[in-house]
There are 2 protein chains.
Amino acid sequence: MDLLAGDAPKERADAVRNRRKVLAAAAELFAERGVARVSMDDVAAAAGVGKGTLYRRFGDKSGLAAALLDERETQLQQQLLSGPPPLGPGAPAVERLAAFTEAYLAYVDAHVDVVALSQTASPGARLRTGSHRFWRLHCRILFAEAGAPDPDVRADVLLAALTAEQVRHWRHDEGHRLADLRRAMGGLAHSLAAG
Amino acid sequence: MDLLAGDAPKERADAVRNRRKVLAAAAELFAERGVARVSMDDVAAAAGVGKGTLYRRFGDKSGLAAALLDERETQLQQQLLSGPPPLGPGAPAVERLAAFTEAYLAYVDAHVDVVALSQTASPGARLRTGSHRFWRLHCRILFAEAGAPDPDVRADVLLAALTAEQVRHWRHDEGHRLADLRRAMGGLAHSLAAG
DNA sequence: GGACGATACGGACTGCGGTCCGATTACGTC
DNA sequence: GACGTAATCGGACCGCAGTCCGTATCGTCC
């Protein structure tokens, strides 16, 4: 999650073991029963661990979801930092923004339920996520580079539009097709970047 | 709330009395203690009413918040439908969109906590609100009239950017001034309406 | 004005997210 | 290998959102 990790103050062997057990159990339960039908007690029980352990390691339910997403997230982050254009460096800012928008949309869509959990478990959770800051900074820089007005605000707007709840609504309630949404959101990125 | 109410199947006298008592109690508690520190039990107790009554009449916590906002909401809705331009009819679509954006931002800002409650109490509550459909339809029509691509999606994007959580974040965490935000969001409306 | 059907009332109850703290276990040191 | 310390563990506990259903109240029709 944090690309600048730094000093690790050692982690006890049992702690590592428990964290893995919890993540494995959570992934399995989410897969077989659906995110909504899994309680934290369920996860703790399935992992053979007390609730206290769960909460000490992951903070809250959204933290657990974030931990599950960690791998996929860093993957996309790496592509943004050092992958081939237009996602990575080397393309015009506007093109990179559009590419990010579409890639992020696809990422959210592929894991809607877990992302939703990481964003909505506690009020305002979305804006406090570590990864959110990453996406936001990325967009800010690109909007600024593209010469858009108020790049900070526009970055927040773009990410607000790509909330898991919103994507889920488009896809499930409104029945939009992913390809159509991608096109629309790519166009949106262009509009936002333009004066 | 619903501008097309239609047939009212009669409301019993005690029901009316209780609804008023609940709304009054809720407003007072929210004002004196802050929305976050008021539970549904508190509201029920303060209103001298059972919890069952509360939930039958308002569905859930977000429903209670929506009921409290009703008056202010319909006020803005009337201005959109039959008020003077640029909020009401008579101005170019783009100008009306910008005016709505700024007015809605001001409305959300003025009641952040209650609006947040109405949007986030249950997952996806925001998109199911009756008033949300109104705002969305209004924006859809104006985006279409302005010739913007994907007017439906753009309407959702605009409203997603004006979530109570987002506005609160801009105003409180980031310390943005309302006037600056209004200007930025007005510009945003123009960008979204342009090709 | 009395009786009956429909509607609303209310508080006990459930399940869940999150906290707390005494017991337990791992790790560095001598 | 034994000891002290610091971190981890785990499950009892709390407050809250939301449900359920027996009971009380209202409106109406005779």
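Residues numbered from 1 in each chain as written. Chains lettered and ligands numbered in written order. Predicted model: local features only at pLDDT ≥ 70, side-chain atom pairs only at ≥ 80, totals over all residues.

## As for the overall build of chain A
Now for step 1: Regarding its fold elements, chain A presents eleven helices and zero strands.
Now for step 2: Listed N to C, the secondary structure of chain A is α-α-α-α-α-α-α-α-α-α-α in terms of helices and strands.
Now for step 3: The C-alpha atoms of chain A give a radius of gyration of 18 Å, which matches the 16 Å a tight globule of 195 residues would have.
Now for step 4: Its C-alpha atoms give chain A principal-axis dimensions of about 55 × 45 × 30 Å.
Now for step 5: The buried share of chain A, reckoned over its 195 residues, is 34%.
Now for step 6: Within chain A, residue pairs in contact and separated by at least 24 positions form 66% of the contacts whose partners lie at least 6 positions apart. (Helix = DSSP H or I, 4+ residues; strand = E, 2+ residues; numbered from the N terminus. Rg over C-alpha atoms; globule rule 2.2 N^0.38 Å. Buried ≥ 20, exposed ≤ 12 C-beta atoms within 10 Å, placed from the backbone. Contact = placed C-beta atoms within 7 Å.)

## With respect to the relation of the copies chain B and chain A
Now for step 1: Superposition record for chain B on chain A: RMSD 0.0 Å, screw rotation 180°, translation along axis 0.0 Å. Look at the turn and shift together and you get a two-fold axis relating the two.
Now for step 2: Looking at chain B, 100% of its interface residues are interface residues in chain A too, so the copies touch through the same face. (Least-squares fit on C-alpha atoms with pLDDT ≥ 70 in both.)

## Remarks on the UniProt feature "DNA-binding region" (unreviewed entry) in chain A
Now for step 1: Taking the numbering used here, the UniProt-annotated feature "DNA-binding region" (unreviewed entry) corresponds to residues 39-58 of chain A.
Now for step 2: Segment residues 39-58 of chain A splits into 80% helix and 0% strand. End C-alpha atoms: 14 Å apart. (UniProt positions renumbered as here; feature names shortened; annotations may be inferred.)

## Side note on the protein's contact with DNA strand C
Now for step 1: Taken together, 25 residues sit near DNA strand C, with Ala-13, Ser-39 and Gly-52 of chain A together with Gly-50 and Gly-52 of chain B positioned nearest.
Now for step 2: When residues of the surface near DNA strand C are assigned to their parent elements, the largest contribution, five residues, is made by helix α3 (residues 51-58) of chain B.
Now for step 3: Of the residues belonging to the surface near DNA strand C, the class tally is six nonpolar, seven polar and twelve charged. (Near = placed C-beta within 6 Å. Nonpolar A, V, L, I, M, F, W, Y, C, P; charged D, E, K, R; others polar.)

## Examining the interface of chain B and chain A
Now for step 1: On the side of chain A, 21 residues touch chain B, which itself brings 21 residues to the contact.
Now for step 2: Looking at the side of chain B that touches chain A, the elements with two or more residues in it are α9 (151-161), α10 (164-173) and α11 (178-193) of chain B.
Now for step 3: Looking at the side of chain B that touches chain A residue by residue, the classes come out as eleven nonpolar, seven polar and three charged.

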